[in-house]
Amino acid sequence: MDILQAIIIGLVQGLTEFLPVSSSAHLIFIQQALGLSDVPLAFDVLLHVGTLVAVFIYFYNDIILMIKGFFLSLIDLKEGKFISEIRRDPYKKLAWLTILATIPIGVVGLLFNDFVEELFEGLTVPAFLLLITGCLLYFSQRMNSGKVDVQNISTKEALVMGCGQALAILPGLSRSGTTIASGLFVGLDKEFAAKFSFILSIPAILGAAVVQLKDLSGANIELSACIAGFIVAVISGYIAISFLLKLVRERSLDIFAFYCWIVGIVILVGSIIL
């Protein structure tokens, strides 16, 4: 893998990790298009860390307040005022709901990891599930914007979004698209659904990177390619987060639904013909 290929893959990873078009499907497509049959696992981990850095930079203040809220809530637990403080402080609540909503993807990842990895070997399944992503996005945009936000979100809404994230472990189901759609279906405010989706990506991406670390062996990758791919993933990831939040506030995600349908159909037809 040369530096140009690393930049292209880093760009695709950064954009599609957060735009609701499925990063897993697009990475499969682009790697095959570039003739890369086996991208080193170490490089994949590096790109995931890059997108994680993008989330930390964009939501730095929220993340710091959540971390503080988490540790302060442990003190509240000792003092017997955990529930009252969780209800009062939105960042304490958000920290614990993020942990709760991450449990489904952790369970699914542990139980079905080998099965899911087999689905990454072809184009048909990712292309078909990309069509499903398009449907989820389209129908979720037909829902009236709910009124559930950080002040009144409950464990039910958090778990629904967490289950949506767990389903998105399948290649072709967009993580951000599925979680945002899940949130809209249960009445979340559109902007908060998108924000909570990005916050949920932190433990999910971090967990995936940690799981992959145990499988790393001596990968032979040029340092310049690694650095270039990482930087591009950080920058493009940050831009994708900013763009999607602006789009959610001002318009709809229909454009991504149509995009998913077009790409899914083209890949499906192409795989059948070829």
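Predicted model only: the values in this text are computed from it and were never measured.

Peer 1: I'd like to hear about the layout of surface pockets, residue by residue, with values.
Peer 2: Size it by volume and the second largest pocket reaches roughly 300 Å³. Lining the second largest pocket are 14 residues, with Met66, Ile67, Thr98, Ile202 and Pro203 sitting closest to its centre. Ranked by residues supplied to the lining of the second largest pocket, first place goes to helix H4 (residues 60-78) with 5 residues.

Peer 1: Got a sec to walk through the side chain of threonine 178? Specific residues and values, please.
Peer 2: Within the fold, threonine 178 resides in helix H9 (residues 175-185). Of note is the side chain of threonine 178, whose polar atom sits 2.6 Å from the backbone oxygen of serine 174. Here threonine 178 is in contact with Leu136, Gly164, Ala168 and Leu173, once residues within four sequence places are set aside.

Peer 1: Mind laying out the packing of helix H1 (residues 3-18) against helix H11 (residues 223-250), listing which residues take part and the relevant values?
Peer 2: Helix packing for two helices is described by the angle between their axes and how far apart those axes are. Direction vectors running N to C along H1 and H11 enclose 25°, while the axes themselves pass 7 Å from each other. One way to sum up the angle between H1 and H11 is to call them roughly parallel. Crossing angle aside, the handedness with which H1 passes H11 is right-handed. For the pair H1 and H11, contact is made by Ile3, Ala6, Ile7, Gly10, Leu11, Gly14, Leu15 and Phe18 and by Ser224, Ala225, Ala228, Gly229, Val232, Ala233, Ser236, Gly237, Ala240, Ile241 and Leu244, respectively. Looking at the contact of H1 with H11, its residues break down into 13 nonpolar, 6 polar and no charged.

Peer 1: Could you give an account of the packing of helix H2 (residues 23-33) against helix H7 (residues 124-140), naming the residues involved and the relevant values?
Peer 2: Two elements in contact, H2 and H7, have axes whose closest approach is 10 Å; the angle formed by their N-to-C orientations is 140°. Between H2 and H7, the crossing angle belongs to the class labelled oblique. Considering how the two elements wind past one another, H2 and H7 form a crossing that is left-handed. Packed against H2, whose contacting residues are Ala25, His26, Ile28 and Phe29, the element H7 presents Pro126, Ala127 and Leu130 at the interface. Here the contact of H2 with H7 is built from residues that sort into 6 nonpolar, 1 polar and no charged.

Peer 1: Any details on the pattern of salt bridges? Residues and values, ideally.
Peer 2: Under the criterion given, the structure shown has 5 salt bridges. Across the pair aspartate 254 and arginine 142 runs a salt bridge whose closest N-O atoms are separated by 2.7 Å. Of this pair, aspartate 254 sits in helix H12 (residues 254-273) while arginine 142 sits in the loop between H7 and helix H8 (155-167); the two residues are 112 residues apart in sequence, bridging distant segments of the chain. Residue classification places aspartate 254 among the buried positions, given a relative accessible area of 14%. For arginine 249, the salt bridge identified is with glutamate 191, shortest N-O distance 3.2 Å. Remark: glutamate 191 occurs in helix H10 (residues 190-213) and arginine 249 occurs in helix H11; sequence separation between them is 58 residues. A residue is classified by how much of its surface remains accessible, and glutamate 191, at 34% relative accessible area, is partly exposed.

Calculation criteria
Residues numbered from 1 in each chain as written. Predicted model: local features only at pLDDT ≥ 70, side-chain atom pairs only at ≥ 80, totals over all residues. Heavy atoms only, no water. 1 Å grid on protein atoms, 1.4 Å probe; cavity = no way out; pocket = protein on both sides within 12 Å on 5 of 7 lines; lining within 4 Å. Points joined across faces, edges and corners; volume = space filled by probe spheres on them. Helix = DSSP H or I, 4+ residues; strand = E, 2+ residues; numbered from the N terminus. Polar contact = N/O pair within 3.5 Å; in protein donor to acceptor, adjacent residues only side chain to side chain. Contact = heavy atoms within 4.5 Å. Axes fitted to C-alpha atoms, helices over the stretch in contact; angles between N-to-C directions. Parallel < 35°, antiparallel > 145°, perpendicular 65-115°, else oblique. Left-handed = near helix turned anticlockwise from the far one by under 90°. Nonpolar A, V, L, I, M, F, W, Y, C, P; charged D, E, K, R; others polar. Salt bridge = Lys/Arg side-chain N within 4 Å of Asp/Glu carboxyl O. Buried < 20%, exposed > 50% of the residue type's maximum accessible area, 1.4 Å probe, protein only.

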